[in-house]
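# Per-entry structural report
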Amino acid sequence: MYNFEKMSQGIIMSKKTLNQKTLIIGAGGVGNVVAFKCAMNAQTFGEITLASRTLSKCDTIAKNVKEKVGIELNTATVDADSVPELIKLFKTLKPNIVINVALPYQDLTIMDACTESGIDYLDTANYEHPDTAKFEYKEQWARDDAFKKANIMALLGSGFDPGVTNVFCAYAQKHYFDEIHTIDILDCNAGDHGYPFATNFNPEINLREVSAKGRYWEQGKWIETKPMEIMQVWDYPEIGEKDSYLLYHEEMESLIKHIKGLKRIRFFMTFGESYLTHMKCLENVGMLGIKEVEHKGMKIVPMEFLATLLPDPASLGLRTKGKTNIGIYAKGIKDGKEKSVYIYQVSDHEKCYEEVLSQGVSYTTGVPAMIGAKLMLEGKWQNKGVYNMEQFDPDPFMQELMVQGLPWKVIK
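First things first, this report covers the structure right here in the doc.

A tally of helices and strands in the chain yields 16 helices and 18 strands. Against the 2.2 N^0.38 benchmark of 22 Å for 412 residues, the chain shows a C-alpha radius of gyration of 21 Å, consistent with a compact globule. Here the C-alpha coordinates of the chain stretch approximately 60 × 55 × 40 Å along the principal axes. Across the 412 residues that make up the chain, the buried fraction comes to 57%. Accessible surface computed for the chain: about 17600 Å², of which carbon and sulfur atoms make up 50%.

So, on to the packing of aromatic side chains. Aromatic rings in a pair are described by how distant their centres are and how their planes are angled relative to each other. Tallied over the entire structure, the rule returns 16 aromatic pairs. Residues Trp234 and Tyr342 carry aromatic rings whose centres are separated by 5.5 Å and whose planes lie at 85 degrees to one another, so their mutual orientation is edge-to-face. Of this pair, Trp234 sits in strand β10 (residues 231-236) while Tyr342 sits in strand β16 (residues 337-348), and the two are 108 residues apart along the sequence. Chaining the aromatic ring pairs together yields one cluster made of Phe197, Tyr245, Phe271 and Tyr275. The residue whose ring lies beneath Arg215 is Tyr248, and the NZ or CZ to ring-centre distance is 4.1 Å. One residue, Lys257, lies across the ring of Trp141, its end atom 4.8 Å from the ring centre.

Moving on, we get to empty space enclosed by the protein. Per the stated rule, a full pass over the model turns up one cavity of 30 Å³ or more. Looking at the largest cavity, its volume works out to about 50 Å³. For the largest cavity, the full set of lining residues is Lys21, Thr22, Leu23, Glu47, Thr49, Asn74, Leu93 and Pro95. Element by element, the count of residues in the lining of the largest cavity is highest for strand β1 (residues 21-25), at three residues. Its residues assigned to classes, the lining of the largest cavity comprises three nonpolar, three polar and two charged.

This part covers the environment of Glu116. Counting through the fold element by element, Glu116 comes out in helix α6 (residues 107-117). When the C-alpha positions of Glu116 and Leu310 are compared, they lie 37 Å apart, and in sequence the two are 194 residues distant.

Following both chains from N to C, one finds helix α15 (residues 360-377) and helix α16 (residues 394-404) inclined at 130 degrees, their axes separated by 10 Å at the closest point. Judged by the inter-axis angle, α15 sits oblique to α16. Remark: the crossing between α15 and α16 carries right-handed chirality. Where α15 approaches α16, its residues Tyr363, Val367, Pro368, Met370, Ile371, Gly372, Lys374 and Leu375 are matched on the opposing element by Pro396, Phe397, Glu400, Leu401 and Gln404. Class assignment for the residues of the contact of α15 with α16 results in nine nonpolar, two polar and two charged.

On to the nonpolar core. Ile99 and Ile183 are the most contacted members of the largest nonpolar core, which totals 89 residues. With nine residues, α15 is the single largest residue contributor to this core. Filtering out sequence-adjacent residues up to four positions away, Ile183 remains in contact with Cys169, Ile259, Leu262, Arg264, Ile265, Arg266, Ile328, Tyr329 and Ala330. Membership of the second largest hydrophobic core comes to 26 residues, among which are Ala76, Leu89, Ala113 and Tyr127.

With that settled, the discussion passes to the pattern of salt bridges. All told, the structure shown has 20 salt bridges when counted by the stated rule. For Asp79, the salt bridge is made with Arg53, and the minimal N-O distance between the two is 3.4 Å. Of the two residues, Asp79 sits in the loop between β3 (74-77) and α5 (83-93) while Arg53 sits in the loop between β2 (47-52) and α4 (55-69), which places them 26 residues apart along the sequence. A salt bridge links Arg143 to Asp112; its shortest N-O distance comes to 2.7 Å. Here Arg143 is found in the loop between α7 (138-141) and α8 (144-149), whereas its partner Asp112 is found in helix α6, with 31 residues between them in sequence. Assessed through its relative accessible area of 25%, Asp112 is described here as partly exposed. The network of salt bridges with common partners includes Lys374, Glu378, Lys380 and Glu400.

Trans is the prevailing form of peptide bonds, just as negative phi is the prevailing case for residues other than glycine. Residue Pro162 is bonded to the preceding Asp161 through a cis peptide linkage, with omega at 10 degrees. Structurally, the position occupied by Pro162 is in the loop between β6 (153-156) and α9 (164-175). The backbone of Lys94 shows a phi angle near 55 degrees, a positive value even though the residue is not glycine. Relative to the assigned elements, Lys94 resides in the loop between α5 and β4 (97-100). Note on Lys94: relative accessible area 58%, which makes it exposed. Of note, the phi angle at Met228 is positive, near 60 degrees, even though the residue is not glycine. Topologically, Met228 is positioned in the loop between β9 (221-225) and β10.

Structurally, the position occupied by His175 is in helix α9. A relative accessible area of 34% means that His175 is categorised as partly exposed. Between the C-alpha atom of His175 and that of Pro394, which follows or precedes it by 219 residues, the distance is 10.0 Å. Within polar-contact distance, the side chain of His175 engages the side chain of Asp395 at 2.8 Å.

What counts and what doesn't
Residues numbered from 1 in each chain as written. Predicted model: local features only at pLDDT ≥ 70, side-chain atom pairs only at ≥ 80, totals over all residues. Heavy atoms only, no water. Helix = DSSP H or I, 4+ residues; strand = E, 2+ residues; numbered from the N terminus. Rg over C-alpha atoms; globule rule 2.2 N^0.38 Å. Buried < 20%, exposed > 50% of the residue type's maximum accessible area, 1.4 Å probe, protein only. Areas by Shrake-Rupley, 256 points an atom, 1.4 Å probe, with all protein chains shown as cover. Phe/Tyr/Trp six-rings, centres within 6.5 Å; stacked < 30°, edge-to-face > 60°. Lys NZ or Arg CZ within 6 Å of the ring centre and 35° of its normal. 1 Å grid on protein atoms, 1.4 Å probe; cavity = no way out; pocket = protein on both sides within 12 Å on 5 of 7 lines; lining within 4 Å. Points joined across faces, edges and corners; volume = space filled by probe spheres on them. Nonpolar A, V, L, I, M, F, W, Y, C, P; charged D, E, K, R; others polar. Axes fitted to C-alpha atoms, helices over the stretch in contact; angles between N-to-C directions. Parallel < 35°, antiparallel > 145°, perpendicular 65-115°, else oblique. Left-handed = near helix turned anticlockwise from the far one by under 90°. Contact = heavy atoms within 4.5 Å. Core = buried A, V, L, I, M, F, W, Y, C linked by side-chain atoms within 4.5 Å. Salt bridge = Lys/Arg side-chain N within 4 Å of Asp/Glu carboxyl O. Polar contact = N/O pair within 3.5 Å; in protein donor to acceptor, adjacent residues only side chain to side chain.

Written as structure tokens, this is what we have:
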């Protein structure tokens, strides 16, 4: 249900800005960052509403934004699993864009509500079925015709990975290569939150992702690996050498369609020994299960129960120290000669918290979500249908990264 009794009054701005309305759905760590960064760019986003199932989370974020940025946000409650409730909320607010930073399970209901209401849509992660440990773009891409008929746009995966990594690939293709033959996406979080075991974003999503079988694409086909079977050591600038494990990650699914000449693409993420040991123990005792089990006459899902026990990722900001480094290493051909390029971005957890009261993993996801929405509202990235990040001109996005808190570097 949604409730406007506690909605705060939006600030008065220019007539142009007053005509713009933005709805953010999701009040976790990433939703917090998106709310802050949209408020910092209120000249583009206009009247901003933050909605979630839990109104108190929205109100807390709105209070913090008001205190730190001086911008008032509206707040509302909504069940993002319900298309009728979403449509009712959309009709009341009449937003120009919906920024979906709720759970990936809710992508399809929010997309369908957008097509019914004629509102542009953006998310940061592709759809996951709640009962199947699998994530893919298939069902979202299938809504392309519906978005075209509604004369609106959906931008998928506007986080960091997916998101910025896609744009890095498109930027490399545009400026450094005639053909890119191989891409390694490299994700390092060297932050320390002080807990024996915790996840940096939604525990369910995180644990399902890292416990699944690995996959990479080479010579036109997908190759499956055992979880954590392939490891390489990579020297991350400003961090150092880290063990990096091959995972399947969703941006590869779209990049193989849009990067010219690609022969292989892989995704690697760093994990410490303590994290891997905890993961293995939890898996061995069945705590990573996603099917219901009976416990004392009640039905519970082990992974959902585990997520309840683990620290809330949104609470990690104040405790987390260290840096993240996420980028792409591409090799290919330019003017008939072999060439390699490494494009990466480094963020500091403590500086992220100082700015928006969130740690670096939430920050590096939330800032690109705001940038993608900003480019859509400004008409710089705009078309009708369903699109992935690399399908648009990368230059405006890369420019925004530099001024919005995620400066990047290139090593040739």
